[in-house]
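Residues per chain, in single letters:
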There are 2 protein chains.
Amino acid sequence: MAQAARRVQQWAARHNLGGTGGAAKLVLGLIIVVVLLSAILTPLNNRSGAGARLRPPLATLATEKFYNAHHAPIGAFASFTLGYKGASGGLGLELAGPANQNVYVMLDACDGSRLDALPFFPIDSGGGDDGFFSQMGNALGERVSSRVVAYPDEAISRTLRADSDTWRAGDLTFRILSPVREVPDPSSAAATDAALEQALVPAVLVELTVDNSACDTPRRAVFGFQGSDLSAGGRRMDEALLGRGVAGVAHGLSYGLATDAPGALAAQGFALRDVLGDAALENRTFALGNHVVLVARAPPRAVTTFRYAVAFYRGGRATAGLDASYYYTRFFSSLESVAQYALDHFDELRAASLAADALLERSSLSANQQFSLAQAIRSYYGSTQLLLASNKPLWVVNEGEYRMMNTFDLTVDQLFFELRMNPWTVRNVLDTFARRYSYTDEVVFPPGEGDAAKTYPGGLSFAHDMGVANAFTPAGRGSYEQSGLRGLFSFMTHEQLVNWVLCATAYVHATADGPWLDAHTETLQNALQSLLNRDHPDPAKRDGLMSLDSTRCAGGDEITTYDSLDTSLGRARGNVYLGGKTWAAYVALEHVFFSNGMEEQAALARGQADKAAATMTAAFNAAGPGGHLPAVLGTGGSASAIIPAIEGLAFPKHCGAEAALDPRGRYKEYLAALKSHLTAVLRPGVCLFRDGGWKLSSTSDNSWLSKIYISQHVARAVLGFPSNDAAAAAADAAHAGWLLHPRESYWAWSDQQLAGVAIGSRYYPRGVTSILWLDEAGAQGQGVTMG
Amino acid sequence: MAQAARRVQQWAARHNLGGTGGAAKLVLGLIIVVVLLSAILTPLNNRSGAGARLRPPLATLATEKFYNAHHAPIGAFASFTLGYKGASGGLGLELAGPANQNVYVMLDACDGSRLDALPFFPIDSGGGDDGFFSQMGNALGERVSSRVVAYPDEAISRTLRADSDTWRAGDLTFRILSPVREVPDPSSAAATDAALEQALVPAVLVELTVDNSACDTPRRAVFGFQGSDLSAGGRRMDEALLGRGVAGVAHGLSYGLATDAPGALAAQGFALRDVLGDAALENRTFALGNHVVLVARAPPRAVTTFRYAVAFYRGGRATAGLDASYYYTRFFSSLESVAQYALDHFDELRAASLAADALLERSSLSANQQFSLAQAIRSYYGSTQLLLASNKPLWVVNEGEYRMMNTFDLTVDQLFFELRMNPWTVRNVLDTFARRYSYTDEVVFPPGEGDAAKTYPGGLSFAHDMGVANAFTPAGRGSYEQSGLRGLFSFMTHEQLVNWVLCATAYVHATADGPWLDAHTETLQNALQSLLNRDHPDPAKRDGLMSLDSTRCAGGDEITTYDSLDTSLGRARGNVYLGGKTWAAYVALEHVFFSNGMEEQAALARGQADKAAATMTAAFNAAGPGGHLPAVLGTGGSASAIIPAIEGLAFPKHCGAEAALDPRGRYKEYLAALKSHLTAVLRPGVCLFRDGGWKLSSTSDNSWLSKIYISQHVARAVLGFPSNDAAAAAADAAHAGWLLHPRESYWAWSDQQLAGVAIGSRYYPRGVTSILWLDEAGAQGQGVTMG
């Protein structure tokens, strides 16, 4: 318990990036609750024997509908987040979490006695007129004339897909459409400005349909919000910048709504009462009010659909450390111009969105898988940011609630999605890492192994990230890594080196981009040499795995991306998760060097791949029948059972080296060992939670969905595990259930789940690893490719 | 009580501009407390007979030192606010109140056992290491190595002047210097870019002196903060943009600190412990941390002063509705360039600041007056904003916590300060009102007087303001005025017309700007005609005061700037406050027309001035011996006693018509009546609070400091009231005491004081009316002019 609490305190440090005091304390408080819960749950999970009956997930798609989802443009670091009850969503730009704004979606009752509202702001419908606005955070006046009543939960239905999110309640249908589409390569001559403009317009669409066919009077449909930036205020959009017949409301220069609904009023007030009550029409545009709404009027005896653009805009310089603006500022000069464009191109944008939905529906994914993938894609896009620096495109994926920029150990996981959608973004990130965020180090043996005082040549590697919260760090250093540490916040030198190799070789394989490969052949050679140097200075003593730490650690230990999980996955040296990815890097290097006619380097890489496979196979075999590959080999290692031992198997196919996965091929023993390993560990009490969810490490309740998704794919697509048995279904249901947690689903898609409860890496982009599921036989059989 | 509560609810509506729910509720809660307090205090104030012993103010300069003060550049809508305990100040840009950030000002104890800190963040020094950071809103770790202890209150001294704010505690002296200086007219050929750059640099200076003469070890001096913008994070300034040897920390692109202290470290961490404890040096620049500090090292056995720039920056487009950027972006391309400039020009900027201080000190103002004036000037500058629109300068003063832009009834009060410092800003605002925010209306008689259904020609007037929170309203309309109302938020058509006349004629008198007068002679003629039309459509029935309301009111009543005080000052029609200013406008028009050879118009204006004076003199005389001029004349008027009946007398001298103030001249009866009026009302229970403070209306406890300052000046400089008797001293002490209120002094300078407790118009620019005090005999005798 004490250890768990301390570990969680370290977690809290990671949570608190940029947080304020109160928030940090809240987080700490929640975490302590979670630790206590975990202390109760852990015995259930860890101690129950194999074959214990699965516990169904607490939350399911059938029972939960009020969870947040991003509705995000591509590359705008913006999200219209909605779905969790109360003021829990709203229009967020560059935020680490939901904007926590009131969002108003309302419809007059047919008899005009009240307004029915979706529950996205605090509504106290119980107390008559007094209760009407008392929860709305506004001063009260005397001009109350209508009541707002929340639709009952049971009257509300929701359908979430990758690209549409549809709410139905009474006569109201409220649908948000967001883009899932390829972004053309801006540096390609083939990419027209028109295509770029359409892919990058920083807006999402809304359709609000009123079924007024049974009603004899017009009814008002209301869509609006209350902004939250302290340095700005509510306003109506500038009519001079909008087209004829378009009305808009905004908060500052950064976000707002517009509609072309005929005769719609852009209204504004201190309170909803002031704009929806009986105030004179001219007083409904009271510029001091921070509650802004668009009021459209649905005619009687008809079904009418109104169209809206939810727009975002950040003009001018957007970043520090490296001067960049949003790429979309090439096309749009103001929030109004964004909104107008989205309305003008509504039909095309809408059709593109719904096409993406259809692709997902045609896949053979289960409902739980579709839900997880849809949430993951949404959260990913909310973190994406296409910038323009020195007149060149600069692609950034921000790290969810942490907002680190292009965290490399996320890039390598998002790789599969990006190669499918827009591989040039992978190239762009690799170029930025190579140009600005690479470094050369030396390496040392850990204490007790070799001469700890002596340094050896290391070589090329890459920083963990490129900065945080729109502030680029200086060249050669990211924001995360610190020296002298043995856990969180230490360096990931070896891991990021491997990540560059995997991303680069996968990019080359996906695109056949010869010129880029030529430009980076030397980088790949340097990478190979750097990998060798980190194995052992004496070639004869190399075993394919990492054995020396970077001098940047200054006496500390290098860590892996799983830094915060536990020692079974945290330490890099001798780690079989990193070992598997290192093997994959060697395999990929062999392929690319061989294809390039560099046979000597190819042989060197192949030799290292062989050694890595042999080392890990031997370690597995040493565990004896029914045993598993220990998590960390060597002195001070860990005997834990970890699922990510198999993670590296995800890469060879994408790097053009699918032959390495042939169960009768060169690495058949290693593959067989990993299959046996997974078979041994994938059972309750070891690497399965009681709800059937996957537990990445036998010694930690902290399990990461993005990584689970990869390993699920590897298990099925590489190791031949069944994709449609009860265990697979239970796992998918459990994983979806974690995202539907009644409290933590506020964070939309979250990665780190402590016994199924999100505790970190929330509001996070990494879940698009689930795109790999579309590569599996069932999905492939239907010929599905997205984008 | 019920009425008071309702009035206060209306107040709350005004408070809640842009506020969030919680804040609004808090405000409402506070107001209710204030109303209750007021209910208790009111009998004491109102019922005590004449001659009752004065109650000394609760808070005095001798007892209070922890109040907030702005430290603001000119024209940047920015403030480094500091002084109230706790996280109550910080670096605010475009905010409606203090930024509520932790501000760190600390010095190592000589023995290195602890850091002593000024109390501008929550410090719990009681609990040893555990208590050290527990109040700082950060996750705890294990690397605690030093303790922070707050300096005891009694060890801290503070000296606030207009231009410097100096804190002394132990061996630490922390002084903030901010500009009080003329801004050259950017459209004048004589204004060099260098002079503009220096006047407008969006930075204030800090000197931190360490007296280490008795100590044998170096000691760290720490200055830093924790930023609060949700879309940004802490960062170190970009070294590539700073000069050699300069270190800086920032939050996003918008604000930060830099120093040229030799060897200073720009440090950053999750918690102060991480940067001030024993972490490795390279880990003290942890880019994920939101706590940013500059750490300088004072050598032993020496007194050392370190210099800092506190810099602000908003690049690109800054406003909606009308596309404008900050004027300073002509000179500065980044936050770093601002900070570097301020450090490079530290000596000149410092000297200019201290020169302004010296001017105030040489005046004959009392300590209480100096304090009030200093706070007022600071809050004014924090609200100023010089923009660049269509390549032309655009001057805006934001309305404190309400952030309305160029509220015209504030402009006319800030006039006296601006004419002294930079009269071109008055011209600039007048031009913007004339060009974009003027309108032409018709007028109607109120119900029961004349034919209420009939409209008559009205004429030229001006909107209340130009927008709010950086969003300009469309041409011809401000953000505030609404139709159909009889109080708050109604139109101020007549008042703003008078305000344009007074500002324009005062500007012409101060500058002898003939070309501008020529360009606006027609405007002034239109203004005269509009005034006449609002008096009576039948010239024979005119009495010099306003009798008809604008049709913009749509059945409501026009209001005055005192909208929220009570009916004695709220209604415009027949109001003797507005009557006095209308008289002054006619007097000023007579002067300007006569000087311009337009004798017919001059005579018309003079005739109206005569009628206004006669009407009000007659009303005074009708009250009988010892009586007072009733606040609002005519049907539905008010018999209250109001001090602002004399306010209009402040203008003739500034408009070139000082002859009108000759006690033996043309208006001698009016002047005598006002002198008798003031004598009659200026006593406890009528227009004095029990603490000696001035109570603007006998029927309201809501009294406004900016307006009190004007009337104090008129009483002494025009009506010959003593400036150095006990009553005058008590009033000044009371007024200073209100600003020092233990809770409300969080808001720096506030205008609306309910029985001495700030309830609105907080963080407000209007108090610079106190500059008029420097015109009085005592001050003039020493030949003081500022700027």
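Residues numbered from 1 in each chain as written. Chains lettered and ligands numbered in written order. Predicted model: local features only at pLDDT ≥ 70, side-chain atom pairs only at ≥ 80, totals over all residues. Heavy atoms only, no water.

> Just checking my understanding: could you explain the pairing of strand 12 (residues 247–251) of chain B for this structure?
Along any regular strand the residues' side chains alternate between the sheet's two faces. Residue and element names in this part refer to chain B. Within strand 12, 5 of the 5 residues are buried, which leaves it mostly tucked inside the rest of the structure. Taken together, the 3 bridges between strand 11 (residues 234–236) and strand 12 define a ladder with antiparallel strand orientation. In the sheet register, Arg-235 faces strand 12, and the bridge partner there is Ala-250. In terms of strand pairing, strand 12 meets strand 13 (residues 255–259) through 5 bridges, oriented antiparallel. Among the inter-strand pairings, Ala-247 is bridged to a residue of strand 13, identified as Thr-259. (Buried < 20%, exposed > 50% of the residue type's maximum accessible area, 1.4 Å probe, protein only. Helix = DSSP H or I, 4+ residues; strand = E, 2+ residues; numbered from the N terminus. Pairing = 2+ DSSP bridges.)

> Looking at this structure, I do not really get unusual backbone geometry. What am I missing?
The phi angle at Asn100(A) is positive, at roughly 55°, despite the residue not being glycine. Assignment of secondary structure puts Asn100(A) in the loop between strand 2 (90–93) and strand 3 (103–108).

> What is the right way to read the sheet that holds strand 28 (residues 752–754) of chain B from this model?
Each strand in a sheet pairs with another by means of backbone hydrogen bonds, the pair being arranged parallel or else antiparallel. Residues and elements named next belong to chain B. Spatial ordering of the open sheet is given by 27-28-29, a layout of 3 strands whose pairing is antiparallel. At either margin of the open sheet sits one strand with a lone partner, and together these are strand 27 (702–704) and strand 29 (757–760). In this sheet, adjacent strand axes meet at a mean angle of 45° when their direction is disregarded. Sitting on the sheet, helix 17 (residues 705–717) is in contact with strand 27 and strand 28, with an inclination near 60° to strand 27. (Axes fitted to C-alpha atoms, helices over the stretch in contact; angles between N-to-C directions. Contact = heavy atoms within 4.5 Å.)

> How should I be thinking about the pairing of strand 9 (residues 203–211) of chain A in this particular structure?
Residues and elements named next belong to chain A. Of all 9 residues that make up strand 9, 8 are buried, and the element is covered over most of its length. In terms of strand pairing, strand 8 (residues 172–177) meets strand 9 through 6 bridges, oriented antiparallel. Each bridged residue has a counterpart across the sheet, and for Phe-174 the counterpart in strand 9 is Leu-208. By the bridge criterion, 9 bridges tie strand 9 to strand 16 (residues 303–312) in an arrangement that is antiparallel. Paired with Val-204 across the two strands is Val-310, which belongs to strand 16.

> Which parts of the structure should I look at to understand helix 9 (residues 408–421) of chain A?
Given 3.6 residues to a turn, an α-helix orients residues that are three or four positions apart in the same direction. Over its 14 residues, helix 9 of chain A extends 19 Å from the first C-alpha to the last, a length consistent with the 20 Å expected when each residue adds 1.5 Å. With respect to burial, helix 9 of chain A is a largely interior element, 14 of its 14 residues being buried. (Expected span 1.5 Å × (residues − 1).)

> So what exactly am I meant to see when it comes to the side chain of His494(A) here?
Tracing the backbone through its elements, the reader meets His494(A) in helix 11 (residues 493–511). With near-sequence residues (within four places) excluded, His494(A) lies in contact with Leu531(A), Arg534(A), Met546(A), Glu558(A), Leu578(A) and Thr582(A).

> Hey, could you run me through the confidence of the model for chain A in this one?
Caution applies to low-pLDDT regions: their predicted coordinates should not be interpreted in detail. Residues and elements named next belong to chain A. Per-residue pLDDT for chain A averages 89, and the proportion of residues at 70 or more is 88%. Counting contacts from residues 1–52, a segment whose pLDDT is below 50, to residues more than four positions away or on other chains yields 93 contacts. Contacts from residues 779–787, a stretch scored under 50 in pLDDT, to residues over four places away or in other chains number 28 contacts. Across the predicted assembly, pTM comes out at 0.91 and ipTM at 0.89. (pLDDT = per-residue confidence, 0-100.)

> I tried to follow the sheet that holds strand 6 (residues 156–160) of chain A on my own but got confused; where do I start?
Residues and elements named next belong to chain A. Spatial ordering of the open sheet is given by 6-7-8-9-16-13-12-11, a layout of 8 strands whose pairing is antiparallel. Each of the sheet's edge strands pairs with one partner strand only, and the pair in question is strand 6 and strand 11 (234–236). Neighbour to neighbour, the strand axes of the sheet diverge by 15° on average, direction disregarded. Lying over the sheet, helix 6 (residues 335–344) contacts strand 9, strand 11, strand 12 (247–251), strand 13 (255–259) and strand 16, oriented at roughly 145° with respect to strand 16. The strands that helix 8 (residues 367–383) touches are strand 6 and strand 7 (164–169); relative to strand 6, the one it contacts most, it runs at about 75°.

> Quick question: what am I supposed to make of the packing of aromatic side chains here?
Geometrically, a pair of aromatic rings is defined through the distance of the ring centres and the angle of the planes. A complete count under the given rule lists 79 aromatic pairs over all chains for this structure. Ring centres 5.1 Å apart and planes at 80° place the aromatic pair Tyr746(A) and Trp747(A) in the edge-to-face group. Here Tyr746(A) matches Trp747(A) in class, with each residue buried. Three or more aromatic residues joined by ring pairs form one cluster here, namely Phe408(A), Phe433(A), Phe462(A), Trp500(A), Tyr507(A) and Trp516(A). Taking NZ or CZ as reference, Lys695(B) lies 5.8 Å from the ring centre of Phe689(B), over its face. (Phe/Tyr/Trp six-rings, centres within 6.5 Å; stacked < 30°, edge-to-face > 60°. Lys NZ or Arg CZ within 6 Å of the ring centre and 35° of its normal.)

> Teacher, can you tell me more about the state of the cysteines here?
Working definition: the covalent bond between the sulfur atoms of two cysteines is a disulfide. All names here are of chain A. With the rule as written, the count across this model stands at 2 disulfides over all chains. Linked covalently through their sulfurs, Cys-110 and Cys-215 form a disulfide whose S-S length is 2.2 Å. Handedness of the Cys-110-Cys-215 disulfide follows from its S-S torsion of about 105°: it is right-handed. Here Cys-215 lies in the loop between strand 9 and strand 10 (219–226) and Cys-110 lies in the loop between strand 3 and strand 4 (114–117), a separation of 105 residues in the sequence. On the accessibility criterion, Cys-215 (1% relative accessible area) is buried. (Disulfide = S-S within 2.5 Å.)

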